[in-house]
Structure formats: structure tokens, C-alpha cells
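# Summary of structural features
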Amino acid sequence: MKQEQTTSEIDTTTVFGSKELGMRGFAALIKTLDSTNKTNVKVQALTDYFLAASNKDKVWTIAILSHRRPPRPVNTTLLREWASELANIPLWLFEESYHIVGDLAETIALIVPSSKTSTEKTLTQFLEEMIALKKKSDDDKKTYLFENWKVLDYYERFVFTKLITGGFRIGVSQKLMTRALAKATEIDEDILAYKLMGNWDPNTITFQELIIEENESDYLSKPYPFYLAYAIEGEPEDLGDVSLWSAEHKWDGIRSQVILRNDELFVWSRGEELVTDKYPEFNQFKTTIPNGTVIDGEILPYIDGQIGTFNDLQTRIGRKTVSKALLKKVPVVLKAYDILEWEGNDIRNKPFTERRAILEKLYQKTDNLNIPFHLSETMHFSSWEEVAKERERSREMFSEGLMLKRKDSPYLVGRKKGDWWKWKVDPLTIDAVLTYAMRGHGRRSNLFTDYTFALWNENDEGEKELVTFAKAYSGLTDAEFRKVDAWIKRNTLERFGPVRSVTPHHVFEIAFEGIALSKRHKSGVATRFPRILRWRKDKSIHEANSLDDLKSMIP
Amino acid sequence: MKKPLLEFTDKGIYCGAAKVYLDPWKPVDKAIISHGHADHSRWGHEQYITHHRNVPIISHRLGEINVSGREWGESFTVNNVKFSLHPAGHIIGSSQIRVEHKGEVWVFTGDYKTENDGISTPYEPIKCDTFITECTFGLPAFKWTPQQEVFENINQWWTDNQAEGKTSILFGYSLGKAQRLLKYLDTDIGKIYTHGAIENMTQVLRPLVDFPETTLITKETKKEELLGNIVLAPPSAHGSTWIRKMVPYVTASASGWMTFRGARRRRAIDKGFVLSDHCDWQGLLSSIEATGAEKIICTHGYTEIFSRYLREQGYDARTEETQYGDEEDSTTPEETAPLETQTP
Ligand SMILES: [Zn+2]
Ligand SMILES: [Zn+2]
């Protein structure tokens with residue numbers, strides 16, 4: 001532990017040596033975060049940055065790391081065109097490189113001519129320029145990009161382009177950033193998590209307002225940090241006396257908080273996104289659920305009196321605004337798990353059973369109103385065997401398994417062990433034949449690691465043929481991938497651009513979470529999260545499963 | 001139609017006029033070998049011809065073989081076809097193979113790089129009509145920095161780790177990369193320890209190149225004596241119990257693949273140094289131009305992309321399937337061995 005701290009001290013004294021960290025310091029931070037797998041090194045680097053950066057840059061850093069970036073000032077089509085122009089390569093070659101590198105900003109930073117110079121500007125200056133850039137002409141945008149690409153060094157160029165394209169995913173969760181911010185400011189981590197939620201604009205808010213000040217009116221839309229459960233380790237019996245536990249099904253939708261305050265409705269999804277406008281059916285809550293109420297639940301598709309599949313819900317998630325037709329086709333409900341605020345009071349510290357009693361009373365009051373407010377039923381068992389039996393029913397209940405919650409548990413913040421556990425059903429598995437392969441991304445771009453798998457099916461002539469059913473690109477070790485890659489290269493039948501068909505020969509066990517009928521898939525079946533469980537070297541292709549075997553798994 | 005001077009067969013690159021194979025991947029009678037990496041010099045040929053600096057390498061790797069060594073530029077004829085070997089700059093003893101018959105000249109690069117690494121004889125462009133080139137890093141995303149800068153960074157990294165009382169573990173392929181790293185490690189910082197595979201290969205090469213002193217890690221080596229020093233290990237040792245015993249340590253990899261941010265992270269390595277024994281994008285393009293060749297055949301790497309680009313630049317370029325791969329990946333015999341196939 002002690003040694004890790006020295007690491008980052010050394011890193012940061014060289015990196016954060018200058019007075020104003022600016023963009024250079026931010027790029028150095030991203031580089032450090034990017035080049036370690038160790039959580040404590042990341043937290044220390046962030047803490048050091050927060051201690052040294054200017055208040056304005058800090059606000060922007062918090063915004064960026066919590067995915068609140070300004071709207072994209074340049075569309076990616078233009079970015080690609082201009083980057084290939086500056087690199088003096090044809091656009092197709094840019095696209096091929098992008099396909100292999102796998103990240104647009106990284107591709108651009110790599111292919112444009114390299115520069116050894118660096119910038120003196122602050123992070124805030126760059127973001128203000130980007131906000132202003134959105135309204136400018138294409139010519140001005142191009143000039144701006146070229147000027148910056150030419151003078152920034154590799155990491156600054158990458159970060160600069162990343163700010164334009166958006167989506168900073170660098171292995172730093174909001175929780176990790178909050179922990180570092182707590183270390184730097186000596187403000188309690190949970191309080192910070194609360195402050196950072198909701199709608200705030202990094203362009204107008206100050207560090208003082210966002211982090212330091214207490215400001216009641218800001219809290220109107222703010223959700224509570226979600227309490228997340230860990231997957232159960234070992235046997236459920238290890239949890240002790242079954243009578244201390246409450247069980248309920250784990251629904252497969254969008255974990256959400258519905259907030260009613262001051263006659264206003266706010267719907268937050270677990271990614272801490274405000275999604276109120278996507279679910280207009282919840283507007284009915286404004287007149288039926290009292291102010292000062294916050295409910296934790298799952299948004300689920302509910303079609304003809306039955307819970308739909310995640311595939312159904314997908315059609316709703318993608319849209320910013322929802323058409324009347326879609327609203328009719330895939331209506332949603334809130335399946336309530338818990339209540340966090342009641343009559344304007346934060347009741348997260350009350351025991352689970354007390355909170356549930358309040359929630360159930362509220363539910364009963366609205367039961368005859370026909371509003372999209374459902375209750376996730378809690379169940380109490382007298383033995384763990386009974387719990388296990390209920391878990392077996394999960395698929396027919398359209399759930400992913402069970403949630404086990406201690407009856408006396410408070411509603412905690414974030415992912416904490418002890419009081420809540422998820423006990424998912426084991427994944428479904430099927431043995432399938434490798435039929436197509438494509439090169440992977442990044443490091444794996446020289447290897448064929450993206451595979452397509454097929455199952456046997458009888459065609460109209462009564463002949464058995466292989467029908468594609470899923471793609472998967474994870475689950476094998478590096479050594480296994482290399483072996484399969486070498487085999488693919490020697491057993492290619494045909495090439496279709498980047499894709500190769502291979503001799504049907506190898507059988508793999510594929511695991512997946514959910515399964516549903518689908519018109520969009522050739523096999524007529526869609527699987528959720530397919531991945532390779534293991535290489536069945538012991539099986540010949542004739543021992544692989546059939547499409548009928550797969551269909552029989554549909555609940 | 002006249003047969004081409006070199007053909008791509010299921011055994012390797014074949015010169016029908018001379019009945020000789022270049023870097024064949026299946027056992028043949030007579031093989032001319034570009035260099036000592038496992039994917040280019042395989043076991044089982046009746047006769048091997050290669051540069052004399054490669055003789056100790058392949059003898060070490062393949063054991064008892066019938067091999068004869070040649071000098072740079074020395075011509076030798078087989079059935080009236082004239083062959084000669086020219087420096088490829090890839091690793092010690094790596095050659096391009098020049099083939100001349102009836103006024104037509106073909107050059108096969110094996111693997112090559114344009115930067116002078118100070119231990120391999122530097123690459124020389126050879127005029128030819130047809131140029132058979134590798135293109136492992138044939139994408140514009142690959143741009144190498146001069147090795148001096150990379151080695152300064154590596155030595156700085158070692159110094160920093162030492163200041164924290166940690167052992168530095170640096171991964172590099174046991175033939176080529178490991179010796180290139182070894183040559184430029186600053187022995188004023190500390191001692192250089194080696195993994196057995198690297199130590200053995202380095203011993204083979206010591207008569208050819210002046211290398212710093214190395215200490216082989218054995219069962220008797222105490223982990224305390226490693227602290228602050230550096231360990232050179234092949235990439236296959238990553239994650240092994242052999243490595244885990246060395247805590248506290250910091251790992252790094254030196255490879256062209258470290259260009260990609262994701263590469264280091266996916267392999268769970270602490271630090272990546274971009275250092276390659278192959279050409280980068282510009283290196284490939286300038287080499288091709290310098291040969292004056294009109295016909296280009298791309299053998300391994302990003303062949304489809306690279307040959308398409310060459311065609312757009314006016315070359316008659318195409319791709320041929322070979323069984324050469326990235327030797328930095330295939331570090332153990334187990335990983336280079338073909339899969340047992342049991343087709344029904
Ligand atoms: Zn090689
Ligand atoms: Zn090669």
C-alpha cells in the first residue's frame with residue numbers, strides 16, 4: 001500500500017510540476033489512468049490532480065469523468081475526412097485503420113503527423129472553444145482542428161480529439177473519481193456522490209457551488225445513489241438464518257429511480273441519466289403519487305398483461321422521444337423494489353421491511369387507478385431449498401434470478417457486500433460450431449477473435465445444415481485465441497471482406513443470459529450476452545446442438 | 001505461360017528453376033532461410049542455407065541440421081539460378097534473399113526493418129523487379145520513434161522502479177528483441193537478470209556481439225537480490241508463477257503492438273514501450289520505393305490493406321497466403337505447433 005503511494009508521487013511530481021496544470025496536466029492524468037490497472041494508483045493520481053488543478057478545470061474534469069460533456073461540435077464524418085486529409089491518406093485507409101484501432105480519437109491521434117510541441121492552454125479554455133465551435137462554419141471547424149492537431153503532442157492530441165468525439169471510457173468509474181475527490185476535499189464520499197448526481201452544467205456551475213456549498217434547491221431533481229448488489233459467493237446457506245432474508249425476483253429491465261417533488265416528475269436510470277422524457281406513461285404519477293416520494297424500481301416492458309423481453313425494451317431505450325405507435329406497442333411499467341424518500345424525508349436508514357411496508361401501502365392506494373406502477377413481490381421462505389426452488393422458476397417468471405435482501409438492511413450507497421445479494425440463474429449454454437471469423441480490435445487486430453457460431457437445422461429438403469445463431473468474441477484465453485487463429489488461417493473456405501468462412505470443425509460451448517424469438521435474426525432467435533464458455537475439443541461437429549434445442553429454451 | 005521465378009506453394013515459397021524453397025513451412029530437400037525466428041526457420045529440411053551469423057541461431061534452435069553459412073552479397077548458384085543474401089536489419093543474421101534467373105530479379109525480405117539497431121547488420125535496399133515483402137505493421141497508425149529515445153525511456157523507467165525498491169520485468173521475444181534491449185540497458189543502474197530462454201539464446205550470440213553481463217535466474221536466486229534490478233523475460237512468462245514469485249515488481253513490454261492503448265491494458269502489463277524489429281508504415285513505403293520494383297507481393301501482416309494502398313499508388317501489388325506470423329506472439333513451441341486436426 002505504502003509503495004503504491006510513492007509510485008504516484010513520483011509520477012505526479014514530474015507530471016504536475018508546473019503551476020497551472022491546464023490541458024497538459026489533464027492529458028498527463030488521463031495517461032496515468034490509462035497506463036495502470038491498479039485502483040489505488042488511479043485514485044492517487046486523481047487525488048493529486050484534484051489537489052493541484054484550478055477550480056474551473058476541476059469542474060470540467062468531474063463533468064468529463066461523469067460523462068457530462070458538451071454536445072459534439074463536429075460530426076464524426078467530417079472528423080474522419082479531415083483527419084485523413086491531414087494525414088494524407090485515402091479515406092478508406094483511415095476507415096480500415098479505425099476498424100483495427102477500435103477508437104476514433106486514438107486512430108486520429110495516431111495517423112496525423114506527430115508533433116513534439118505541447119499546449120499552455122487550460123482544459124476549460126479548450127472546452128469553451130469547443131462549445132463555441134459548434135455554431136461555427138465547417139471551414140472554421142476544420143481550421144480549428146488542424147491548428148490543434150498540429151501543435152499538440154500525442155496524448156494531448158488524443159485527449160483533445162476524445163473531448164470532441166465524446167465517451168471517455170478509461171477504466172475510471174464515477175465511484176472511483178468520487179473517492180479521489182473525497183480524499184482531495186475531505187468531504188464525505190457519499191455526500192459527494194449525492195452532490196454529483198442530477199442535472200448540472202459544467203459551463204456555468206463553479207467548484208464552490210457544485211462541491212463545497214450546501215444548496216437545498218439543487219436537490220429537487222437529485223436521485224439517491226443506487227444500492228447495488230454483488231453476486232452471491234458460495235452457497236446461499238452461508239447467509240445464515242433464512243428467516244432474516246427477504247427474496248424477490250431480479251427483473252431484467254432498466255434500474256431506475258422515480259422522483260416526485262414539488263409537482264414535478266424525474267426519472268433517473270442507473271447510469272445516472274435523466275430519462276424522464278422517454279417514459280411519458282409515468283406522467284400519471286404526478287397526480288397519483290404524493291410529493292416527496294422517491295421510488296427505486298425497474299422499468300419493464302409490459303405487453304398484453306405480461307412482462308416483455310429486454311429486446312422489446314430496447315426499442316424504447318434507443319429513442320429520445322417516443323411515438324404514439326411505439327407507446328402502444330411497447331408500453332412500460334415501473335416495477336417497484338424500494339422506497340427511499342417518503343413525505344419528503346430520506347428514509348434510507350429505516351430497515352428494509354419498514355420501507356417495504358410504506359411502499360406496499362402506497363401501492364395498495366393506487367392499485368385501482370390502473371397506473372403503470374407495479375410492485376416487485378417480496379417472498380419469505382422457511383428454508384433455503386424453497387428459495388432455490390423459486391430461483392428455478394426465474395425464466396418462466398421472466399426474471400434473471402433472485403435478489404436476497406436482509407430484512408433489517410438500510411439502503412446503502414453503491415456496491416456494498418453483506419446486506420443484498422443477487423443470485424442469478426446459471427447462464428443457458430449450448431454447443432455450437434464455429435463457422436465464420438473476423439479479426440479483432442486493437443492488440444488482437446492481427447488475430448481472428450470475433451467468431452460466428454451455428455447450430456444444426458433441417459432444411460426444406462430434409463438435409464441438415466448449419467444456421468448462424470450468435471456472435472461472440474470473448475471467453476477464450478490468449479493462448480487459445482492464438483491456436484484458433486492459426487487454425488482459421490489454414491482452414492479458410494472463402495473471404496468476404498474482413499470476414500472468412502471456415503471449415504466447420506470446432507465446437508464451442510456458448511453461454512448466454514436470455515433468449516427470445518426474433519424476426520431480425522436469421523435463426524429466428526435472439527440471445528442476450530452470448531460468450532464463449534469453453535472450447536469443446538472433445539466434441540465433433542455432429543455432436544453440436546440443433547436450432548430446435550435452442551428454441552426449446554425459450555420460456 | 002512462363003512459370004514465375006518464385007511460386008507460393010503449400011510448402012512455402014518455391015523456386016522451380018532451382019528446386020529450392022525459401023523459408024518453407026513444411027519439410028523440403030533444400031531451404032534458404034532468411035532468419036532464425038520460428039515461423040521462418042522450421043524443423044525437418046534436408047539442407048539449410050543461410051547467413052553465417054544465423055547458423056549458430058538455427059543450430060541452437062533446431063539441433064543437429066545440415067546447414068551451410070554464406071556471406072552478405074556472396075553469390076551462389078543452384079541449378080543455374082543465382083542466389084545471394086543481403087542484410088534485412090530485423091535481427092542478428094537476418095537476410096533478404098535475392099534470386100536472379102535469366103535477367104529477372106526477385107527479392108524476398110523475410111522480416112526487416114529500416115532503422116539501424118546497432119546489432120543487426122543494417123538493412124540495404126536491393127534493386128529488383130519483384131519484391132516480396134512482409135507488412136506486419138502495414139498501417140499508417142504505426143510510426144516508430146528513434147530507438148535512442150525509447151531506450152532513454154526504458155532506462156528512466158528502470159531507475160524509477162528502482163527508487164521504489166521494485167524489480168523491473170521487461171518482456172521481449174527471446175531471439176532478437178531481448179538482445180536489442182540488453183544491448184542498450186544502462187548497467188550503471190543495476191544488474192540484468194535473465195529468464196532461461198533468453199540467457200541461452202544470448203550465450204549463443206555473445207561471440208557475435210558485445211553484450212553487457214547477464215545473470216541467469218535459477219532456483220537459488222533470492223527475490224531480494226532482484227530488487228531494483230531488471231529481469232528480461234519472454235512474453236510467455238507473463239502471469240506465470242515464475243514471475244509472481246518476484247513481488248514487488250513492475251512489468252513492461254517492448255513491442256510495436258504497444259502503439260495501441262488497449263494492448264497494454266488487455267495484457268495487464270504496467271507499461272508499454274513501442275519498439276519493433278519490423279518496418280513501420282513509412283519504412284515499408286520507402287523500402288519499396290528504393291527497390292525500384294514494379295511488382296510487390298505482400299506475405300504477412302496487414303496484407304490486404306497494404307497491397308490495396310500500393311495498387312492505388314500505381315504498383316502491381318498482390319497478397320499471398322503464407323504461414324509466417326508474428327514471432328512476438330509465438331514464443332513457445334506449443335503455440336507455433338499446428339493444431340491436431342481430426343476431420344471426420
Ligand atoms: Zn522475424
Ligand atoms: Zn515474419
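What you are looking at is a predicted structure, and each value in this text was computed from that prediction instead of being measured. (Residues numbered from 1 in each chain as written. Chains lettered and ligands numbered in written order. Predicted model: local features only at pLDDT ≥ 70, side-chain atom pairs only at ≥ 80, totals over all residues. Heavy atoms only, no water.)

## Topic: the overall build of chain B
The condition that has to hold: Counting from the N terminus, the helices are DSSP H or I runs at least four residues long and the strands are E runs at least two residues long. The atom set for the radius of gyration is the C-alpha atoms, and the globule formula is 2.2 Å times the number of residues raised to the power 0.38. Burial classes: relative accessible area under 20% of the type maximum marks a residue as buried, over 50% as exposed, and values in between as partly exposed (1.4 Å probe, protein chains only). The criterion used for residue contact is that any of the two residues' heavy atoms lie within 4.5 Å. Every accessible area reported is derived by Shrake-Rupley at a probe size of 1.4 Å, with residue values counting cover from the shown protein chains alone.
Secondary structure assignment for chain B yields 10 helices and 19 strands. Since a compact globule built from 344 residues should have a radius of gyration of about 20 Å, the 21 Å found for chain B is in line with a globular shape. A principal-axis box enclosing the C-alpha atoms of chain B has dimensions of 70 × 50 × 45 Å. Split into buried and exposed, the 344 residues of chain B put 59% on the buried side. Within chain B, residue pairs in contact and separated by at least 24 positions form 59% of the contacts whose partners lie at least 6 positions apart. Summed over its atoms, the accessible surface of chain B is roughly 13500 Å², and 48% of this surface lies on carbon and sulfur atoms.

## Concerning the overall build of chain A
This is how it is decided: The sign given to each residue is positive for Lys and Arg and negative for Asp and Glu; His and the chain ends receive no count. The atoms used to mark charge sites are NZ of Lys, CZ of Arg, CG of Asp and CD of Glu.
Broken down by element type, chain A carries 20 helices and 23 strands. Relative to its length of 555 residues, chain A is compact, with a C-alpha radius of gyration of 26 Å against a globular reference of 24 Å. In terms of overall dimensions, chain A has a C-alpha envelope of 65 × 65 × 55 Å along the principal axes. Here chain A holds 555 residues, and the buried ones make up 54% of them. Taking as baseline every contact in chain A between residues at least 6 positions apart, the subset at least 24 positions apart corresponds to 70%. When the accessible area of chain A is evaluated, it comes to approximately 25100 Å², of which 48% is carbon and sulfur surface. Distance from the positive charge centre (80 side chains) to the negative charge centre (83 side chains) of chain A: 3 Å.

## Observations concerning the packing of helix H8 (residues 123–133) of chain A against helix H10 (residues 154–165) of chain A
Residues and elements named next belong to chain A. The following threshold applies: Fitted lines through C-alpha atoms give the axes, limited to the stretch in contact for helices. The angle between two N-to-C directions lies from 0 to 180 degrees. The cut-offs work like this: below 35 degrees is roughly parallel, past 145 is roughly antiparallel, 65 to 115 is roughly perpendicular, and the gaps in between are oblique. Left-handed describes a crossing in which the near helix is turned anticlockwise from the far one by less than a right angle; the clockwise case is right-handed. Residue classes follow a fixed rule: Ala, Val, Leu, Ile, Met, Phe, Trp, Tyr, Cys and Pro count as nonpolar, while Asp, Glu, Lys and Arg count as charged, and any other residue, Gly among them, counts as polar.
Viewed as axis vectors pointing N to C, H8 and H10 meet at an angle of 40°, and their least axial separation amounts to 11 Å. Between H8 and H10, the crossing angle belongs to the class labelled oblique. Where H8 crosses over H10, the two elements pack in a sense that is right-handed. Between H8 and H10, the contacting residues are Leu123, Phe126, Leu127 and Met130 on the first element and Phe160, Leu163 and Ile164 on the second. In terms of residue class, the contact of H8 with H10 is built from 7 nonpolar, no polar and no charged.

## Side note on H8(A)
Since the α-helix advances by 3.6 residues per turn, residues separated by three or four positions end up pointing in the same direction. All buried positions along H8(A) are accounted for by Leu123(A), Thr124(A), Phe126(A), Leu127(A), Met130(A) and Leu133(A). If you follow the buried residues of H8(A), they end up packed against helix H2 (22–34), helix H3 (39–52), helix H4 (55–65), helix H9 (138–151) and H10 of chain A.

## What about the nonpolar core?
Nonpolar side chains in soluble globular proteins tend to end up buried together. Operational definition: In this description, a nonpolar core means a group of buried Ala, Val, Leu, Ile, Met, Phe, Trp, Tyr and Cys residues linked to one another through side-chain atoms lying within 4.5 Å.
Membership of the largest hydrophobic core comes to 104 residues, with the highest contact counts inside it found for Phe26(A), Ile62(A), Trp149(A), Val159(A) and Phe160(A). Counting 32 residues, the second-largest nonpolar core is a separate cluster that includes Leu185(B), Ile198(B), Phe211(B) and Ile230(B).

## Section: the sheet that holds strand E12 (residues 399–406) of chain A
Paired through backbone hydrogen bonds, the strands of a sheet run either parallel or antiparallel to each other. Residue and element names in this part refer to chain A. Where we set the bar: Pairing between strands requires that DSSP locate at least two bridges from one strand to the other.
Read from one edge to the other, the open sheet built from 4 strands follows the order E2-E14-E12-E3, with strand pairing classed as mixed. Lying at the two open borders of the sheet, with one neighbouring strand each, are strand E2 (230–231) and strand E3 (245–251). Alignment of E2 against strand E14 (residues 420–424), held across 2 bridges, turns out to be parallel. The partner of alanine 231 across the bridge, within E14, is lysine 422. Against the sheet, helix H17 (residues 352–366) touches E3, E12 and E14, its axis set at about 60° to E3. Strands in contact with helix H18 (residues 384–392) are E3, E12 and E14; relative to E12, the strand with the most contacts, it is inclined by about 150°.

## Describing the confidence of the model for chain A
All names here are of chain A. The cut-off we apply is this: Think of pLDDT as the predictor's per-residue confidence, scored from 0 to 100.
When the pLDDT values of chain A are averaged, the result is 86; 93% of them are 70 or greater. By mean pLDDT, helix H1 (residues 2–15) is the weakest element of chain A at 36, and strand E9 (residues 332–342) is the strongest at 97. Ignoring residues within four places in sequence, the model shows residues 1–18, a span with pLDDT below 50, making 28 contacts including any to other chains.

## Examining helix H7 (residues 104–111) of chain A
Residue and element names in this part refer to chain A. Heads up, the condition is: By the criterion applied in these results, polar contacts are pairs of N or O atoms within 3.5 Å in which, for protein atoms, one can donate a hydrogen and the other can accept it, and in which residues neighboring in sequence qualify only through two side-chain atoms.
Counting buried residues along H7, 8 of its 8 residues qualify, which places the element largely inside the surrounding structure. Residues of H7 that are buried: Leu104, Ala105, Glu106, Thr107, Ile108, Ala109, Leu110 and Ile111. Among the residues of H7, the N-terminal cap falls to aspartate 103, whose side-chain oxygen and the backbone nitrogen of alanine 105 are separated by 3.0 Å.

## Describing the confidence of the model for chain B
Note that predicted coordinates carrying low pLDDT should not be read in detail. Residue and element names in this part refer to chain B. Across chain B, pLDDT averages 91, with 94% of residues at or above 70. Contacts for the low-pLDDT stretch residues 328–344, under 50 throughout, to residues beyond four places or in other chains number 32 contacts. Note on the complex model: pTM 0.71, ipTM 0.91.

## Things to note about the coordination of the zinc ion (ligand 1)
All names here are of chain B. Defined as follows: Sodium, potassium and calcium take a 3.2 Å donor cutoff, other metals 2.8 Å, and in both cases only N, O and S atoms count; water is not among them, so sites may look incomplete. Tetrahedral means four donors with every angle between 85 and 135 degrees, whereas square planar (four donors) and octahedral (six donors) require angles over 155 degrees between opposite donors and between 65 and 115 for all others; sites fitting neither are termed irregular.
Protein-derived ligands of the zinc ion (ligand 1) are His35 (NE2), His37 (ND1), His90 (NE2) and Asp111 (OD), with the metal-ligand distances lying across 2.2 Å. Geometry at the zinc ion (ligand 1) is irregular, judged from its 4 donor atoms and the angles of 89 to 165° they form at the metal. For the zinc ion (ligand 1), the single-chain donor residues occur in sequence as H-x1-H-x52-H-x20-D. The metal-metal distance between the zinc ion (ligand 1) and the zinc ion (ligand 2) is 4.1 Å, with aspartate 111 coordinating both. Placement of histidine 37 in the loop between strand E4 (30–32) and strand E5 (47–51) and of aspartate 111 in the loop between strand E10 (104–108) and strand E11 (130–135) is noted, with a sequence separation of 74 residues between them.

## Overview of the packing of aromatic side chains
How we decide: Aromatic rings from Phe, Tyr and Trp, with only the six-membered ring used for Trp, were paired whenever their centres fell within 6.5 Å, and each pair was classed as stacked if the ring planes differed by under 30 degrees, edge-to-face if by over 60, and tilted otherwise. Distance and angle both matter: a charge sits over a ring if NZ of Lys or CZ of Arg is within 6 Å of the ring centre and within 35 degrees of the ring normal.
Enumeration according to the criterion identifies 39 aromatic pairs over all chains in this entry. Ring centres of Phe126(A) and Phe160(A) lie 5.8 Å apart, and the angle between their planes is 70°; on these two criteria the pair is classed as edge-to-face. Remark: Phe160(A) occurs in helix H10 and Phe126(A) occurs in helix H8; sequence separation between them is 34 residues. Exposure class is identical for Phe126(A) and Phe160(A). Each is buried. A network of ring pairs unites the aromatic residues Phe137(B), Phe142(B), Trp144(B), Trp257(B), Phe260(B) and Tyr302(B) as a single cluster. Lys417(A) extends its terminal NZ or CZ atom over the ring of Tyr230(A), reaching a point 5.0 Å from the ring centre.

## Notes on the coordination of the zinc ion (ligand 2)
Residue and element names in this part refer to chain B. The zinc ion (ligand 2) binds to the protein through His40 (NE2), Asp111 (OD), Asp111 (OD) and His300 (NE2), with metal-donor distances spanning 2.2 to 2.3 Å. Relative to the metal, the 4 donor atoms surrounding the zinc ion (ligand 2) lie at angles of 59 to 136°, and the coordination shape comes out irregular. Here the donor residues of the zinc ion (ligand 2) are spaced in sequence according to H-x70-D-x188-H.

## Things to note about the interface of chain A and chain B
Condition: Basic side-chain nitrogens of Lys or Arg form a salt bridge, by our definition, when they fall within 4 Å of a carboxyl oxygen of Asp or Glu.
The partner chain B presents 42 residues to the 48 residues of chain A that form the contact. Applying the counting rule to chain A against chain B returns 4 salt bridges. Across the pair Asp34(A) and Arg261(B) runs a salt bridge whose closest N-O atoms are separated by 2.7 Å. Put simply, chain A and chain B have 7 residue pairs in polar contact (both at pLDDT 80 or more) between them. Put simply, the parts of the chain that give the side of chain A that touches chain B at least two residues each are H1, helix H6 (91–101), H7, H10 and helix H19 (478–490) of chain A.

## So, unusual backbone geometry
At the junction of Val247(B) and Pro248(B), the peptide bond is cis and its omega measures out at 0° in the coordinates. You will see that Asn88(A), though not glycine, has its phi angle at about 60°, which is positive. On the secondary structure map, Asn88(A) appears in the loop between helix H5 (76–87) and H6. Of the residues examined, Asn88(A) reaches a relative accessible area of 65% and is grouped as exposed. Positive phi outside glycine occurs at Asp23(B), with the angle close to 40°. With respect to the secondary-structure elements, Asp23(B) resides in the loop between strand E3 (20–22) and E4.

## Quick word on the sheet that holds E11(B)
All names here are of chain B. Spatial strand order, E7-E8-E9-E10-E11-E18-E19: 7 strands in an open sheet with mixed pairing. Each edge of the open sheet is held by one strand with a lone partner, namely strand E7 (76–78) and strand E19 (316–319). Strand-to-strand, the axes of this sheet are offset by a mean angle of 25°, without reference to chain direction. Strands in contact with helix H8 (residues 281–291) are E11 and strand E18 (295–301); relative to E11, the strand with the most contacts, it is inclined by about 170°.

## Some remarks on the environment of Val99(B)
Residues and elements named next belong to chain B. Tracing the chain through its elements places valine 99 in strand E9 (residues 95–101). Counting along the chain gives 60 residues from valine 99 to aspartate 39, while the straight-line C-alpha distance between them is 21 Å. Among residues more than four places away in sequence, those in contact with valine 99 are Leu5, Leu6, Cys15, Leu22, Val81, Lys82, Phe83, Glu104, Val105 and Trp106.

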